[in-house]
Each structure stands twice: as structure tokens, then as C-alpha cells.
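If you want the building blocks of each chain, they are given just below.
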Amino acid sequence: MKSVALCLSTISCLLMTGVATATGIQPDLKVLHVLNRLTYGPAPGDVQKVRAMGVEKFIRMQLDPESIPLPSRLQQQLDTLDTLRMDPVELFREYGPPRPGKNHKPDPEAVKAARQRARVIVEQAVQARLWRATESPRQLQELMVDFWFNHFNVYAPKGLDHLWIGAYEEQAIRPYALGHFRDLLGATAHHPAMLFYLDNWQNTAPDSPGARGRFEGINENYARELMELHTLGVNGGYTQNDVIALAHIFTGWGLGRPRDGGQGGFRFDPRRHDDGDKTFLGRTIEGSGEDEGEQALDILARAPATARHISYELAQYFVADDPPPALVERLSRRFLATDGDIRAVLDTLFHSREFWDRKYYANKFKTPYQFIVSAVRASGIDPVNVRPLYGMLMQLGMPLYACLTPDGYRNTRAAWLNPDAMTRRISFATALASGRLPLGQPGFDPGFPRREMERMTPDKAPVVDPVSAATLADTLDNLLSAQTQSAIDAAPKPLRAALILGSPEFMQH
């Protein structure tokens, strides 16, 4: 055990002190670079496939995910997740809290039972996300779903949002992840999950006919975050008066009652809307009901500040924590010229000189989510049971659908690189590589406790085949530096695969 601890400590120290790749992006490294940036990292055989087809063809295919067939096994897995095929109204009817009677509140036990029953919604959303991220060949689409969900973050544990979180990703994020930004913005603005999370469902014009009970006045939460986070950015040139005006524009945008039917749970209530004219970002928006909100979304989606904000975030996600200003400017121009065509902006990014610049090679530190998914992909394990992965994400501080604040999770080195996190990552790498994670056991077992991750010790019997260090090294195209390779060669053979997954080179992409 002493040699195990020493090896793990050596690798951790190499990462904390920052081991840089000496050669940069040479022609023989381009395949690995594009796999590390357009996917969650190579799975067995990916390097050879991309090398055979060429980097340019691979980029083109990833930008057109519909051209890539899904594996039948993955499709069969997804077909078992029935809640992902339900719209918000159906989810509320099937899994929502019991309705109160005329003169009494619902029975507390019935409320508790309904909440327990509804846990399946988040569980199936987690299953779908992790199965797709680890197994789908449409890897860029999966990256962009993660990117946009984080950008338009919703916190599932807040009230009714646990009912709608899967539908939100499936119906408001995924279909538009590589489409036009205005469509994506509109889909999130209308979705009950966002309306509830940022409280716009209660946003009501004072003294309007519908102002009563919980619908008593203006709520600025959604209006503020719509500009600060979703579109213009914190320095986007708006004022508090614009926040107030936008909040008035979105009065009446709320939730439909189950009997209303409607557009996926969205309902505009004219009785709670401020019908007066508004001045927003220097423009006059005449009172016109629901259409005022559409006009505001048009203005925000096509604003130069929005183009810069989105371009900065994309460059930060795909190139560097502190992205080159020239790249951000070029992406902004492309965003505006194509009316926010996300696919076109990404095409420009992937063909930019900055994307292929040697100083940006393997400089991004993986978030906990990226690390977990890339480790599973590299190991070649098909995670039938994703509960251990979900539990580890909770330990690492990045549980799916559970970021409390609307700004979402950070994707920078400073946010995630610390000694405790490294210890936990390496413990996970050891359990995964040694075959001690029950990923092959079918089903999402709610009873799998998080503390099981902490009990994964080297003397436990494997539940799946251990990962071969030689196969793993081949999958990763032998990316290790001489210093890291020397540390791994000195380790006991059963530990070498774990040390590859815990290496500085694997922690970065």
C-alpha cells in the first residue's frame, strides 16, 4: 500500500505543479487534439478512425450530428426512459404533487410519496445524459448540450423543477444546441422549468386584473439574468431601468394549468400583463401583449454585446480559460453575420489559427464532469449503471442538474484544481481501472450510497474486468510525457492504468 500511495502522490504533484506538453500541436498530435476538444476524449479505436478519415472530415461530421447514426444499443437504452418523451403538462399530471381539496391541504404523506415517485424523472435525465456522453458518436452535440444547459442553467431541486428538468434539456436545449441562438433563447424563455426557476411565473403587473395572491407584483429575476447571463453579459451596456422595463415586458409569461393544455406548459396570461409602452435598450416597444416578449428576445439575440458574450464563452470552453481577444472578435462577427448560427460560429472556431495554436494545446483542465466521462470512454466500459458516476460527480461538487446559482458551473482550471479534488479523482481512477465500480450492473439503483465510492479499496474483488494499461495507452495515443511515463513504469502493474487516468496529461485536454 505504501508504493500505491507514493505513486499516486507523485502523479498528483506533477499535476499540481503543472506539466506542460513540450511539442505543441505538431501534425501527429492533431488527431488527439481534435478528439480532446470536439469530444469527451477518445474511446478505444477513435484515434485510428479519425486518422483514417482525416481531421477535416471528422469536424464536418461532428458539426452535422444527424449524419451520424446512433448505435442500436444506445437507442434501445434511451427508449426505456419514458419520462423523456413526456411534455411538462404530462409530467405534472403524472408525477406532480396531489392537489389540495376545497377546504383542506393535501395529506403530508401523500405529498412525500408523490415526491419520491417523481425521483424517476431526474434519475432518467441523469441516465440519458451519461449514456449519451459516454457512448454516443455524436460527441460535439453532447458537448454543446452540456455547454448550453450550463449557460441556461436550471436547478432541479427547486420546487416543481424536479418534474421538468429532463423535459427542459430534451425539448428546450438539445434540439437547438447546434442551431440558431434565437431559437434556443426562445425555447428556454417559454419553458416551465426556466419560468419557475427564475420566478417569472409570478411576474405580474401591479394593479392588473390578475394581481392577487402570489401574483402581486413585478419580479425582476428572469429579466436580470436574461441580460446578464443569457445574452448581453454583465458589461453588456444595459441599466437598471432596462431590467425594470424587461420585467414589465415579461409580465404574464407563466405556467399553464393542466386543464389549459397549451404549448408545453407555457401560458401567457393577459390579465397579469402590463399593457403600456416600454422603453428597452433605447427602443420603444409598444404594448402588444405576449409579442412584446418576442420583440425583446429578438433585440437581445441580435445585439453585438450578445455576440461577444456568447463568443467569449465558446472560446473559453474550446480554446483557453482566458481566450484570445482576436478570436472572440472574429467569432462575434460570424455570430452577427449568420444571425446567431451556432454551427457556423463553431465552424469558424474549429478552423481558427488559435484553435490550432501550440500554446493552447492541452491547456484546458477538465471539469469533474469532463474527467468522469472521459475516463469511462477511455476505459472502454459501457456504463449500464451510472449511479457510481453520479455519486462521484456529487463528491466532486458537480452533480448534474444541481447547480444552485443561475450562472452554472465554471469550466476553468481555477474552479476545480485543488488537492482534495485531485485525491478524489485519483481514487475514482483507481476504482474504475481496477474494475471495482459496478457500472455493468443494470438499472439506476437509488440505493447505491455515495459512501460506497469511499469504500472502494484495492483488496475488493473486481465487478468488471480491470482496464489494461497497454490498451488504455493505445487509446490515448501514448500522450504521456517522459516524466509521467517514468513514474508509471516504476509503479506496480495493477496500478498503471489508474495512474494513466490520474496523470497530468489525462486531467487536461
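Attention here is on the structure that accompanies the text. These figures come from a predicted structure and were not determined experimentally.

Analysis parameters
- Residues numbered from 1 in each chain as written.
- Predicted model: local features only at pLDDT ≥ 70, side-chain atom pairs only at ≥ 80, totals over all residues.
- Heavy atoms only, no water.
- Helix = DSSP H or I, 4+ residues; strand = E, 2+ residues; numbered from the N terminus.
- Buried < 20%, exposed > 50% of the residue type's maximum accessible area, 1.4 Å probe, protein only.
- Contact = heavy atoms within 4.5 Å.
- Areas by Shrake-Rupley, 256 points an atom, 1.4 Å probe, with all protein chains shown as cover.
- Core = buried A, V, L, I, M, F, W, Y, C linked by side-chain atoms within 4.5 Å.
- Salt bridge = Lys/Arg side-chain N within 4 Å of Asp/Glu carboxyl O.
- Axes fitted to C-alpha atoms, helices over the stretch in contact; angles between N-to-C directions.
- Parallel < 35°, antiparallel > 145°, perpendicular 65-115°, else oblique.
- Left-handed = near helix turned anticlockwise from the far one by under 90°.
- Nonpolar A, V, L, I, M, F, W, Y, C, P; charged D, E, K, R; others polar.
- Polar contact = N/O pair within 3.5 Å; in protein donor to acceptor, adjacent residues only side chain to side chain.
- 1 Å grid on protein atoms, 1.4 Å probe; cavity = no way out; pocket = protein on both sides within 12 Å on 5 of 7 lines; lining within 4 Å.
- Points joined across faces, edges and corners; volume = space filled by probe spheres on them.

1. Focus: the overall build of the protein
Secondary structure assignment for the protein yields 27 helices and 4 strands. Expressed as a percentage of the 509 residues in the protein, the buried residues total 58%. Of all intrachain contacts in the protein linking residues separated by at least 6 positions in sequence, the fraction that spans at least 24 positions is 74%. If you sum the accessible surface of the protein, you get close to 21100 Å²; carbon and sulfur atoms cover 52% of it.

2. Comments concerning the nonpolar core
Ranked by size, the top nonpolar core spans 154 residues in total, and within it Met144, Trp148, Leu246, Phe318 and Phe350 carry the most contacts. In contact with Met144, not counting residues within four places along its chain, are Ala177, Leu178, Leu314, Phe318, Ile342 and Leu346.

3. Re the pattern of salt bridges
Within this structure, the stated rule accounts for 26 salt bridges. The residue Glu123 makes a salt bridge to Arg119 at a minimum N-O spacing of 3.9 Å. Here the residue Glu123 and the residue Arg119 both occupy positions in helix H8 (residues 119-135), the gap between them amounting to 4 residues, near one helical turn. For Arg119, a relative accessible area of 37% gives the class partly exposed. A salt bridge links Glu354 to Arg330, with the shortest nitrogen-to-oxygen separation between them at 2.8 Å. Of this pair, Glu354 sits in the loop between helix H18 (342-350) and helix H19 (368-379) while Arg330 sits in helix H17 (residues 325-337); the two residues are 24 residues apart in sequence, bridging distant segments of the chain.

4. With respect to the environment of Thr251
Looking at the secondary structure, you find Thr251 in the loop between helix H14 (240-249) and strand E1 (253-255). Not counting the four nearest positions on each side in its chain, Thr251 is found in contact with Asn203, Thr204, Ala205, Ile218, Phe268, Arg272, His273 and Asp274.

5. Focus on the packing of helix H13 (residues 221-230) against H14
At a minimum axis distance of 8 Å, the contact between H13 and H14 shows a crossing angle of 125°. Considered as vectors, H13 and H14 are oriented oblique to each other. The way H13 lies across H14 gives a crossing that is right-handed. Contacts between H13 and H14 involve Ala223, Arg224, Leu226 and Met227 from the former and Gln240, Asp242, Val243, Leu246 and Ala247 from the latter. Looking at side-chain class alone, the contact of H13 with H14 contains 6 nonpolar, 1 polar and 2 charged residues.

6. A short note on unusual backbone geometry
One non-glycine residue, Leu281, lies in positive phi territory at about 50°. If you trace the backbone, Leu281 turns up in the loop between strand E3 (278-280) and strand E4 (283-285). Positive phi, normally seen in glycine, also occurs at Tyr401, with a value near 65°.

7. Concerning the packing of helix H10 (residues 161-173) against helix H11 (residues 181-190)
The N-to-C vectors of H10 and H11 enclose an angle of 150°; their axes lie 9 Å apart at closest approach. Judged by the angle between their axes, H10 and H11 are roughly antiparallel. In this structure, the crossing between H10 and H11 has a hand that is right-handed. Residues Tyr168, Ala172 and Ile173 of H10 lie in contact with H11, whose contacting residues are Leu184, Ala187 and Thr188. For the contact of H10 with H11, the residue count by class is 5 nonpolar, 1 polar and no charged.

8. Concerning the environment of Glu142
Secondary-structure assignment places Glu142 in helix H9 (residues 139-151). Given the relative accessible area of 2%, Glu142 is considered buried. Aside from chain neighbours lying at most four places away, what touches Glu142 is Tyr40, Arg132, Ala133, Ser136 and Arg174. Looking at Glu142, its side chain comes within polar contact range of the side chain of Arg174, at 2.9 Å.

9. Points about the layout of surface pockets
In this structure, the largest pocket occupies an estimated 920 Å³ of space. Around the largest pocket, the lining comprises 28 residues; the ones closest to its centre are Phe92, Trp201, Arg214, Phe215 and Arg257. Looking at the lining of the largest pocket, the elements with two or more residues in it are helix H6 (88-95) and E1. Looking at which element gives the most residues to the lining of the largest pocket, the answer is H6, with 3 residues. Across the lining of the largest pocket, the residue classes tally to 14 nonpolar, 5 polar and 9 charged. If you add up the space inside the second largest pocket, you get close to 640 Å³. Around the second largest pocket, the lining is made up of 29 residues, and of these Asn150, Glu313, Asp407, Tyr409 and Asn411 lie nearest the centre. Of all the secondary structure elements, the ones that give two or more residues to the lining of the second largest pocket are H9, H13, helix H16 (304-318) and H19.

10. A look at the environment of Leu38
One can find Leu38 in helix H2 (residues 30-38). A relative accessible area of 0% means that Leu38 is categorised as buried. Setting aside anything within four residues of it in sequence, one finds Leu38 in contact with Phe58, Ile59, Gln62, Gln139, Leu140, Leu143, Phe350 and Phe355.

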